[in-house]
Structures are given as structure tokens and as C-alpha cells.
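Breakdown of the fold
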Amino acid sequence: MLDKNKVDYSLYLVTDSTMLPPGTTLESQVEVALQNGVTLVQLREKETDTKVFIEQALKVQKLCHKFQVPLIINDRVDVALAIDADGVHVGQDDMPIKMVRQLLGPDKIIGWSVGHEHEVEQLAAMGPGGVDYVGLGMVYPTLTKKNPKKAPMGPRGVSKLLDKLQSTKAEWCRTVAIGGLHPDNIPRVLYQVASSDGKRTLDGISVVSDIMASPDAGNAAQTLRALIDDARFQYAEGLSPFTKEYSFEFARKCVQQTTEVSPLVQHITNKVHQNFGANITLALGSSPIMSEVEPEFEELSQVPHATLLLNTGTVAPFSTLLHAMRVYNAARRPIVFDPVGYSATSTRLELNNQLLAYGQFACIKGNVGEILSLADLNKGKMRGVDAGSVGSDISLCVEATKIVAYRYRTVAVCTGQQDVIVDGTCGGTFRLSEGSAGGASALPAVIVEAGEIPVMGKITASGCSLGSTIACLVGSISDKQHLFHAVVTAVCLYKSAGKIASERCHGSGSFQVELIDALDQLFTENHPENWVANVSRI
Ligand SMILES: Nc1ncnc2c1ncn2[C@@H]1O[C@H](COP(=O)(O)OP(=O)(O)O)[C@@H](O)[C@H]1O
Ligand SMILES: Cc1ncsc1CCOP(=O)(O)O
Ligand SMILES: [Mg+2]
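What you are looking at is a predicted structure, and each value in this text was computed from that prediction instead of being measured. (Residues numbered from 1 in each chain as written. Chains lettered and ligands numbered in written order. Predicted model: local features only at pLDDT ≥ 70, side-chain atom pairs only at ≥ 80, totals over all residues. Heavy atoms only, no water.)

**A closer look at the pairing of strand β7 (residues 174–178)**
Consecutive side chains of a regular strand alternate in pointing toward one face of the sheet and then the other. In terms of strand pairing, strand β6 (residues 133–136) meets β7 through four bridges, oriented parallel. Across the sheet, the residue bridging to Leu136 is Ala177, located in β7. As judged from the three bridges shared by β7 and strand β8 (residues 204–207), these two strands associate in the parallel manner. Looking across to β8, one finds that Ile178 is bridged to Ser206. Taken together, β7, helix α7 (residues 186–192) and β8 constitute a β-α-β crossover, and its handedness is right-handed. (Pairing = 2+ DSSP bridges. Helix = DSSP H or I, 4+ residues; strand = E, 2+ residues; numbered from the N terminus. Right-handed = clockwise from strand over helix to strand, strands pointing away.)

Have a look at this one:
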């Protein structure tokens, strides 16, 4: 007899026989998946007639019994009743939960597809007698769901739904994430998804194509099982010791590589920054390309060492920003995100939040106003795109930068007289169902400074151009090299050039020109030990 409180949701297979590879059947795929660690099965056959569906359900049920794994039927309450399945999964447009419960009785499992906070409120209002678990998503785009009604929400969107489950006290409700989940993004999703209070993490992940469409479904399931059991998230190699000698050596190598590979830096940036950013990119031995033409994004992203600078300064159309982000994420090429004027208007806030909810960024860079707002530590909204007068409290800046780095699993940079850089990518562990441990405060952080350089804050697009600089250097590194160090190198280089330029210039007009000259010079000479900016670990 099923005890629905003891169900293991960790690896939940949802079937789809339209994607079976040649030589396999629905049953053969399910069987090898069960042999290799699947803990729950849902029969989801949208295009099958009732008679065949029941035949299939009985066969799959036999397999599930053999492995003592519960079988859930998608949508068809009648089929579930007819074969005495363990539960039913319904979507938002299917039979209402109350009716499903009346038909199934209290002991069966009811799952619901949930993508919006108000749906969580509804299930909370129904109490423990309603929904037993929710499928949260979709996390990433997937071909499995044809014409999806929901936009991908990314790990951040899923976390927000967990927050809602917490605030509505729906503690009985179990959760799995679904949509576009594969071995290359699952550890990150499991690590990243947690309620803000850290008390709620996912109970499992749900996959369709990764197993059903695999020519070796056993191996696919085993890989997923291992990732879940390993409970570790690893973005890059462990953090190297941050000694001065190591930093110089890394910086030299990083500049050298940038010269050698000349990264293509696609800029989707504001009009104010375009010319300046292109010249800075050239000074750093890289190739700028300003493009907002969606059909060419994919081709650009495939160029070796392509990098994307995504700057929301004069707000390119949302679809363009989103498309570029998807393309570069899919190509596993780095994106440097500069949410200019993040909370200056509600339009910007909404747009930036949507990008942040879905995408994965190598680096998020902002001025103090932007980073404080991103960390929810800014009182009130920003007045414009410049930092304003909020920036004097360095410990608050460090706290905010850590929150941003942790929340978005990125290298976060907060600019100002002192630049704060925090590494949120270095890895960690997750535990299904047990809440998230650790947190932002333990992340490695450094401060880069070269004294007060007021003129740096007095030219427009100086922050944006730091974004270009970061993108150039980040574009040059390999997967195995440490992203954090590349960002630190870029920030040091830029700050050092700013210091030199400020001494050579006659005012903010000539500062721009001197800044490009100084960057060019420092980059060409490549002697990081002579850079004037100081890096200190905090
Ligand atoms: N008072 C200052 N002293 C030294 N460097 C500064 C100062 N203000 C800004 N910078 C530098 O200028 C660049 C732009 O920073 P900031 O003005 O904070 O960003 P934004 O241009 O996005 O508003 C960064 O590289 C930052 O380090
Ligand atoms: C003035 C202005 N308006 C929209 S974007 C922009 C440039 C902002 O540049 P930065 O963030 O580097 O100061
Ligand atoms: Mg800026």
C-alpha cells in the first residue's frame, strides 16, 4: 500500500513516446530508467488513444511495481482509476484539483503544474487535502512542450515559487523542477534553487527528453542519479590562492591570451556607450561588434571566444535582449550583464528582472545604486543611471555584492571609488529537501582601489566600458581557468588606466581619450606588477 508521505521525488521520469529513439520502446526506456535510479514515473502520452494508453499504463505499472516505484498518470483521472495507479498529475487547464481529489480519494498522489505565484496561493488555500506535489517550471526552454504557455523562469523564478510556498505555509507540498533540465544545468539548478529563508529546497527534478529521447536511457538515468547523489555544484576549478604573485601571473597570462585569441565581443549596449565601448574593445586586442539583429546572434555566438556584453542602458527591445541571452547561454559562451539604471523606472526593473530570472551570467556589473537595488538593500529607487550619493558605506556595498553574487551564482562587481568583486561561482553543495546551507557571507571577495579618481565618475559610460573590458578578458579564458580572476584582472587594468589617464588629462573631455590611450598602453606592455590599482582580499 502506497504511503504518499514517503514518496521519493528525487528523480522523476515523465514519459513521451513521440521521442523514442529507434530500437527502443516506451517500456524498454522506462525499465532501464528504473534500473538506474528513477524514483517516480509519470505516464504522459498526449497523443495516444484511450485503449492503447490503458494497455501501456498496465505494462508500465507492472514495471513500477517491480521496482516499488509509484506510477502517476498524466491528466486522465479515468485511466488512473481504471488501473488503480498511485496518482494523477494535472495541469492548470485540466480537471480542477477538488474534483480530482473527490474522484481519487485521500490516499492517492495529486500533482499540479505550477508556474505562477497565484497558483501557489490557490494550492495553499486548498490545504493538505489538495495538491501533494507541484511541478515547477518551466525552468528552461524545451522542445518537449510544444507551444508552451509559460515563459522559462530560470532557477530564480523557481526560487520565488518556493518563497511563495513558504509564505503561504504549504509545508506539506513537495516540489520538483521541470523543463529543459539536463546534466549540464541540473547541478546548478539544484544548488541555486532555494527559498530566501534557505529552509526550502527542491525535492527532486523531473525530466522527459533527457531520458526518453536517449539512445542509452540507462546511462542517462545513471548520470542524473549520480549528479543528484553527488550533491555538489562545480562551476570551475577550485579557487586558486589569491596571492599577489598568483594574481600577477594570472593577469599576465590573461592579457596575453586576449591578444592571442582576440575575442569577438558582441555588444548589445546603449547608444551613449557604443562608440566608446568599441574603441576600448579594440584597445584591448579584441573585436567589437555592435549587433541587435536577432538572426545573426547564433552565428556570432559560435565564433571561437565570442562573448556577449548585455547592457540595458537605453533599453533594446526585450525580445532582442532575451534572444541574445538564450543564444549565448545555449552556446555556453559568457555573458557580462550590466543592468544600467536597474531600478530607475518600473519598466527597467521589470525588464532586468525578467532577464535575471531566466539567464545565467558570467558576471553582473553595476554601480552602487544598481548593486544595492539588485540586492534589495536600496531604500527607494534609483534616480537615473548614475550611482548617486548612496555609495559611501563600503561594508554595505560588500554585503550587497555578495548577495548578488550568491543569488545569481555569478561574479558580481560593484563599482565606485573602491570596486568590490565577489565570486559566487566557485561551487558548493546542495541537499534535496533539506534547505540550503552556507550563504552569501562566506563567498570570496576582493576590493580594487587606486585612491580617489573623481573624473572617472564624471564621464558617461565609464561603467559601461568597464563592462567591455571585463567582456574582452573573460572571452579569452578557457572553461578550466578561473572566471573570478579574469574579472579581477579586468577591473585592475581598468582602474589602473583610469588613474594614469586622470593624471594626464586636462578635464573630463580629454580624460576619455587618455583612458583609451592608457588602456592600450597597459595592455600592450603587459606588466601587471606595475599596475597602480591595489587588490586586497576581504
Ligand atoms: N570616485 C572614484 N574614484 C575612483 N574610481 C572611480 C570613482 N568613481 C567611479 N570610479 C570608477 O569608474 C568606473 C565607473 O564606475 P561608476 O561611476 O560607479 O559606474 P557607472 O558609470 O556605471 O555609474 C569604475 O571603473 C569605477 O571603478
Ligand atoms: C547616460 C545614459 N543613459 C542611458 S545609458 C547611459 C550611459 C550610462 O553609462 P554608465 O553606466 O557607464 O555611467
Ligand atoms: Mg553603469
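There is more to say after this.
**As for the site of ligand 1**
As a structural note, the neighbourhood of ligand 1 is formed by 15 residues, with Asn367, Thr415, Asp419, Ile453 and Lys495 the closest of them. Note that a nitrogen atom of ligand 1 is positioned 2.9 Å from one of the backbone N or O atoms of Ile453. Here Gly463 contributes a backbone N or O atom positioned 3.0 Å from an oxygen atom of ligand 1. Notes on ligand 1: free accessible area 550 Å², of which the protein chains cover 88%. Looking at the shell around ligand 1, the elements with two or more residues in it are α17 (462–476) and α18 (483–504). (Near = heavy atom within 4 Å. Polar contact = N/O pair within 3.5 Å; in protein donor to acceptor, adjacent residues only side chain to side chain. Areas by Shrake-Rupley, 256 points an atom, 1.4 Å probe, with all protein chains shown as cover.)

**Quick look at the nonpolar core**
Soluble globular proteins tend to bury their nonpolar side chains together. Counting 118 residues, the largest nonpolar core has Ile73, Ile211 and Leu310 as the members making the most contacts within it. Both of domain 1 (4–233) and domain 2 (244–431 + 439–537) provide at least three residues apiece to this core. Discounting residues that sit within four places of it in the chain, Ile73 has contacts with Leu43, Phe53, Ala57, Val79, Ala80, Ile83, Ala85, Gly87, Val88 and His89. The next biggest cluster of nonpolar side chains, apart from the first, holds 56 residues, and it includes Ala461, Leu466, Ala486 and Val487. (Core = buried A, V, L, I, M, F, W, Y, C linked by side-chain atoms within 4.5 Å. Buried < 20%, exposed > 50% of the residue type's maximum accessible area, 1.4 Å probe, protein only. Domains from an automatic or database assignment. Contact = heavy atoms within 4.5 Å.)

**A word on the packing of aromatic side chains**
Applying the stated rule across the entire model yields three aromatic pairs. When the ring of Tyr9 is compared with that of Tyr133, the centres are 5.2 Å apart and the planes differ by 50°; the resulting orientation is tilted. With Tyr9 in the segment before β1 (11–14) and Tyr133 in strand β6, this pair connects stretches of sequence that are 124 residues apart. Comparing Tyr9 with Tyr133 shows no difference in burial state: the two are buried. An aromatic cluster is built from Tyr9, Tyr12 and Tyr133, whose rings are joined through pairwise contacts. One Lys or Arg, Arg409, reaches over the ring of Tyr191 and ends 4.2 Å from the middle of that ring. The positively charged end of Arg409 is found above the aromatic ring belonging to Tyr406, 4.2 Å away from the centroid. (Phe/Tyr/Trp six-rings, centres within 6.5 Å; stacked < 30°, edge-to-face > 60°. Lys NZ or Arg CZ within 6 Å of the ring centre and 35° of its normal.)

**Brief notes about the environment of Val488**
By the element assignment, Val488 lies in helix α18. For Val488, a relative accessible area of 4% puts it in the buried group.

**A short note on the domain arrangement of the protein**
Partitioning the protein into structural domains gives domain 1 (4–233) and domain 2 (244–431 + 439–537). Carbon and sulfur atoms supply 54% of the area buried between domain 1 and domain 2, which totals about 1700 Å² over both sides. Across the domain 1-domain 2 interface, the total number found is zero salt bridges. Across the contact surface, domain 1 and domain 2 share three residue pairs in polar contact (both at pLDDT 80 or more). Those elements that provide at least two residues to the side of domain 1 that touches domain 2 are α6 (154–167), α7, α9 (217–230) and β9 (232–233). The dominant element in the side of domain 1 that touches domain 2, judged by the number of residues it contributes, is α7, at five residues. Tallied by class, residues from the side of domain 1 that touches domain 2 come to 13 nonpolar, four polar and four charged. (Buried area = accessible area lost by both parts, 1.4 Å probe. Salt bridge = Lys/Arg side-chain N within 4 Å of Asp/Glu carboxyl O. Nonpolar A, V, L, I, M, F, W, Y, C, P; charged D, E, K, R; others polar.)

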